Amino acid sequence: MSGFRVADLERALGIEDAGRAMHELIRELLPFPRAMTGDGVRRTLAVVGRHLPLAVHEVPSGSQVLDWVVPPEWNVREAWIAGPDGRRVADLRDSTLHLASYSEPVRARMTLAELRPHLFSLPERPDWIPYRHFFHRAGWGFCLPHRRLEALPDGEYEVCIDATLAPGSLTYGEAVIRGETDADVLLCAHVCHPALCNDNLSGIALLSLLGAYLDRMRPRLGYRLLFAPVTIGAICWLARNAAVLPRIQHGLVVTLLGDPGPFTYKRSRRGDAPIDRALAHVLRHAGPHALRDFSPVGYDERQFGSPGFDLPVGCLMRTPHGEFPEYHTSADDLSFVRPEALSASLGVVLAAIGVLERDARYENLCPRGEPQLGRRGIYRTLATRGGGAELEQAVLWVLNLSDGRHGLLDIAERSGLAFDRIHAAAAVLREHGLLRRIGG
Ligand code: ZN
């Protein structure tokens, strides 16, 4: 596996613009009525499965998974409120955000005063629809722009929520791409949010293209791409994959990767795992970014990083959850996520994977004094590879630190040079018989 750039992915997949392709995938997935369970998730996974070898798993309602129980399955066919004049005040067909997720079925007529406690809006953002759910308590509700809510006249309203909350299953998808080693990388996106583009669809789109690419390559590491509802989905996967867990050497939750904000990487619970060092290194050379320490708040890094598992799983985002006004509202839409931001996010993930794939320790076979590079034709080779003075420096760093204790990422960190340069220098030195790989 040699290519780790968006351009290589585009070539391998035969697409012109990966950012545009991800944006189109988000557009296609946008209307499905995703929730913690149900057909919205299945329809989403069916589309994802066109891109990569996805196995869809169903976990029956009522199953005990770790300390949790899989909830009843929720499906909705239609949901609307009709005003006194018969006109629709809110309709699921216009936006899946109008209905609070996991709302109980309702068919009733009521006054505005009776309806009012079931209506949610954002007074400070009067044109946006909020995202609400009833995952953890019984109830029902509709979400609508505050401006529309304020204008509702008194009178009799008709409410229809044609939904079922009944024994069924929880659905998640997993694509397993075998590597040459028995070490795996776990990559995870959540699939339980309705029409929100950055919060869940950006991660789904990125993993779909990445998975399609990895499936065409011959990676050294194995990859497990998990598309699951947040929290309970990760818990189901952990409960059902005890035999796989020792293989998971690196992990990353990908979410909120389409907005134009700078990158944020949240370290795994371990804090200094190879995935943490790989992301820190890639972002340092990619531009403005922030690194945060692990906390048990956020996405499924909490489950993977619970003390009984302690898997090295970090989380890559742009602007973190709750830190941008569009978060969990209808303004997290197709215009909020940008093809160029999606493409750059994919580039960072590819570069980090490239580090994990190629990091290795080498032994300098001529360690007593510097080897005479000119006599061996190494300067000539370096000139043909481009890279100039930096590549020459990288050669000296690799020779000096390849004492069996330092890997290429260690050398990149210590030298301040990009991993790709260090890797290229090591390749030249191997070709000239000055370097031997340690440990296969
Ligand atoms: Zn969310």
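Residues numbered from 1 in each chain as written. Predicted model: local features only at pLDDT ≥ 70, side-chain atom pairs only at ≥ 80, totals over all residues. Heavy atoms only, no water.

Engineer: Just to check I follow, could you spell out the overall build of the protein chain for this structure?
Structural biologist: Secondary structure assignment for the protein chain yields 14 helices and 19 strands. The contacts in the protein chain between residues at least 6 apart in sequence include a share of 79% that link residues at least 24 apart. Carbon and sulfur atoms provide 48% of the accessible area of the protein chain, an area that totals close to 18,300 Å². Separation of charge centres in the protein chain, based on 50 positive and 52 negative side chains, amounts to 6 Å. (Helix = DSSP H or I, 4+ residues; strand = E, 2+ residues; numbered from the N terminus. Contact = heavy atoms within 4.5 Å. Areas by Shrake-Rupley, 256 points an atom, 1.4 Å probe, with all protein chains shown as cover. Lys, Arg positive; Asp, Glu negative; His and termini not counted. Charge placed at Lys NZ, Arg CZ, Asp CG, Glu CD.)

Engineer: Sorry if this is basic, but what is going on with the sheet that holds strand β4 (residues 73-82) here?
Structural biologist: Pairing between sheet strands relies on hydrogen bonds along the backbone, with the strands arranged either parallel or antiparallel. Taken in spatial order, the four strands line up as β5-β4-β9-β6 in an open sheet, and their pairing is antiparallel. Because the sheet does not close on itself, it has two edges, and the strands there are β5 (88-91) and β6 (106-111). Sheet twist, expressed as the mean angle between neighbouring strand axes with direction ignored, is 15 degrees. Bridging between β4 and β5 involves three bridges; their strand directions are antiparallel. Each bridged residue has a counterpart across the sheet, and for Ile81 the counterpart in β5 is Ala90. (Pairing = 2+ DSSP bridges. Axes fitted to C-alpha atoms, helices over the stretch in contact; angles between N-to-C directions.)

Engineer: What am I meant to see in the packing of aromatic side chains here?
Structural biologist: Aromatic ring pairs are defined here through the distance separating the ring centres and the angle between the ring planes. One pass over the structure, following the stated rule, counts seven aromatic pairs. On the numbers, 6.3 Å between centres and 50 degrees between planes, the contact of Phe120 with Phe134 is tilted. Highlighted residues: Phe120 in strand β7 (residues 119-120) and Phe134 in the loop between β7 and β8 (142-143), separated in sequence by 14 residues. Just as Phe120 is buried, Phe134 falls in that class too. On the basis of an interplanar angle of 80 degrees and a centroid distance of 5.7 Å, the ring pair of Phe324 and Tyr327 is categorised as edge-to-face. The exposure class of Phe324 is buried, given its relative accessible area of 7%. A relative accessible area of 22% places Tyr327 in the partly exposed class. Every member of this aromatic cluster is reached through a ring pair, and the members are Trp74, Tyr102 and Phe135. Of note, Arg88 hangs over the ring of Trp80, and the distance from its end group to the ring centre comes to 4.0 Å. (Phe/Tyr/Trp six-rings, centres within 6.5 Å; stacked < 30°, edge-to-face > 60°. Buried < 20%, exposed > 50% of the residue type's maximum accessible area, 1.4 Å probe, protein only. Lys NZ or Arg CZ within 6 Å of the ring centre and 35° of its normal.)

Engineer: Is there a simple way to explain the pattern of salt bridges in this structure?
Structural biologist: Close approach of charged atoms lets side chains of opposite charge pair. Tallying each qualifying case throughout the model produces 30 salt bridges. Two residues, Arg147 and Asp127, come together in a salt bridge whose shortest N-O distance is 2.8 Å. Within this pair, whereas Arg147 is found in helix α5 (residues 146-150), its partner Asp127 is found in the loop between β7 and β8, the two being separated by 20 residues in sequence. By sharing partners, the salt bridges in this structure join Asp39, Arg42, Glu58 and Glu73 into a single network. (Salt bridge = Lys/Arg side-chain N within 4 Å of Asp/Glu carboxyl O.)

Engineer: Looking at this structure, I do not really get the side chain of Thr381. What am I missing?
Structural biologist: Relative to the elements of secondary structure, Thr381 occurs in helix α11 (residues 378-385). A distance of 3.1 Å separates a polar side-chain atom of Thr381 from the backbone oxygen of Gly377. In this structure, Thr381 is in contact with Val428, Glu431 and His432, ignoring residues within four places of it in sequence. (Polar contact = N/O pair within 3.5 Å; in protein donor to acceptor, adjacent residues only side chain to side chain.)

Engineer: For this particular structure, what's the right way to read the state of the cysteines?
Structural biologist: Two cysteines, two sulfur atoms, one covalent bond between them: this is a disulfide. Inspection of every chain in the model, using the stated rule, returns zero disulfides. Lacking any disulfide linkage, Cys192 is separated from the closest cysteine sulfur, that of Cys188, by 10 Å. For Cys192, a relative accessible area of 2% puts it in the buried group. With no disulfide of its own, Cys197 lies closest to Cys192 among cysteine sulfurs, the gap being 15 Å. Judged by its relative accessible area of 0%, Cys197 is buried. (Disulfide = S-S within 2.5 Å.)

Engineer: Where do I start with helix α12 (residues 388-401) in this structure?
Structural biologist: Residue pairs three or four apart in sequence face the same way in an α-helix, which turns once every 3.6 residues. Compared with the 20 Å implied by 1.5 Å per residue over 14 residues, the 21 Å span of α12 between its first and last C-alpha is a close match. Within the sequence span of α12, burial applies to Leu391, Ala394, Val395, Val398, Leu399 and Leu401. (Expected span 1.5 Å × (residues − 1).)

Engineer: Explanation requested: unusual backbone geometry in the structure shown.
Structural biologist: A negative phi angle is the norm for most residues apart from glycine, just as the trans form is the norm for most peptide bonds. Notably, Tyr102 is not glycine yet its phi reads approximately 65 degrees, a positive angle. Looking at the secondary structure, you find Tyr102 in the loop between β5 and β6. For Tyr102, a relative accessible area of 5% translates into the label buried.

So yeah, pure geometry; function would need other evidence.
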